[in-house]
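Summary of structural features
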Amino acid sequence: GGASPPPGTVHVNLPRITRVARALGLDFAPALVGFDFQRGGKTLPVFEGVVVCLEFEKQLVEAFIAEEERLAAAEAEKERKEAAK
C-alpha cells in the first residue's frame, strides 16, 4: 500500500472525519487503504479517512478541530455534572 490519491486530492485520515466532511457538505470519497483477508477466502475492503480536493483540506481539518473541541467540552461538562451529584 503506498498508493497515492489522484492528483489534486489529498487523503485526510482522522477519527470521525467522514461525519465532519458530510456535515460541511464537501465532496469526498471514503479512502480505500487496503484489504483484510479473512478465513474462508473472504476479502473485505479497509477504509480509513476520506479523500477530498486539495482546496478543501484546510477547511475540513479546521472543522475537525472545532468539532473535537466541542466534543471534549461536552464530555468535560458531562463529567462535571456527574461529579456534582
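Preceding this paragraph is the structure being described.
Since the structure is predicted, the reported quantities are computational estimates derived from the model, not experimental observations. (Residues numbered from 1 in each chain as written. Predicted model: local features only at pLDDT ≥ 70, side-chain atom pairs only at ≥ 80, totals over all residues. Heavy atoms only, no water.)

**Concerning helix 2 (residues 54-84)**
The α-helix advances 3.6 residues per turn, and as a result positions three or four apart in sequence lie on the same side. To keep things clear, this is the line we draw: Under the scheme used here, helices are H or I runs from DSSP no shorter than 4 residues and strands are E runs no shorter than 2 residues, and both carry numbers assigned from the N terminus. Residue count minus one, scaled by 1.5 Å, sets the expected span of a helix. With a 1.4 Å probe rolled over the protein chains alone, any residue whose accessible area is under 20% of its type maximum counts as buried; one over 50% counts as exposed, and the rest are partly exposed.
For helix 2, built from 31 residues, the straight-helix expectation of 45 Å at 1.5 Å per residue is met to within 8% by its first-to-last C-alpha distance of 46 Å. Listed as buried for helix 2 are Leu-60, Ala-63 and Phe-64.

**Some details on the packing of helix 1 (residues 17-24) against helix 2**
Under the convention used in this document: In this analysis, axes come from line fits to C-alpha atoms, helices being fitted only over the stretch in contact, and the angle between any two N-to-C directions falls in the range 0 to 180 degrees. By definition in this entry, angles of less than 35 degrees are roughly parallel, angles greater than 145 are roughly antiparallel, angles of 65 to 115 are roughly perpendicular, and the rest are oblique. Helix crossings get a hand from a simple test, with the near helix turned counterclockwise from the far one by less than a right angle marking a left-handed crossing and a clockwise turn marking a right-handed one. Should any heavy atoms of two residues lie within 4.5 Å, those residues are counted as being in contact. Lys, Arg, Asp and Glu make up the charged group, whereas Ala, Val, Leu, Ile, Met, Phe, Trp, Tyr, Cys and Pro make up the nonpolar group; the residues left over, Gly among them, are polar.
Remark: helix 1 packs on helix 2, axes separated minimally by 10 Å, with the N-to-C direction vectors making an angle of 110°. When the axes of helix 1 and helix 2 are compared, the pair comes out roughly perpendicular. For the crossing formed where helix 1 meets helix 2, the hand is right-handed. Contact residues: Ile-17, Val-20, Ala-21 and Leu-24 in helix 1; Gln-59, Leu-60, Ala-63, Phe-64 and Glu-67 in helix 2. Per-class residue counts for the contact of helix 1 with helix 2 are 7 nonpolar, 1 polar and 1 charged.

**Some remarks on the nonpolar core**
Spelled out, the test is: We define a nonpolar core as any set of buried Ala, Val, Leu, Ile, Met, Phe, Trp, Tyr and Cys residues linked to one another through side-chain atoms lying within 4.5 Å.
Counting residues in each nonpolar core, the largest one holds 11 residues, listed as Val-10, Val-12, Ile-17, Val-20, Ala-21, Leu-26, Val-50, Val-52, Leu-60, Ala-63 and Phe-64. At the level of secondary structure, the elements contributing two or more residues to this core comprise strand 1 (9-12), helix 1, strand 3 (43-53) and helix 2. Beyond its immediate chain neighbours, meaning those up to four positions away, Leu-26 contacts Ala-21, Phe-56, Gln-59 and Leu-60.

**Some thoughts on the pairing of strand 2 (residues 28-37)**
The condition is simple: A pair of strands is labelled paired if DSSP reports no fewer than 2 bridges between them.
In terms of strand pairing, strand 2 meets strand 3 through 8 bridges, oriented antiparallel. When the sheet's bridge partners are listed, Asp-36 is paired in strand 3 with Leu-44. Two successive antiparallel strands, strand 2 and strand 3, enclose a turn made up of 5 residues, where Gly-40 displays a positive phi of approximately 80°.

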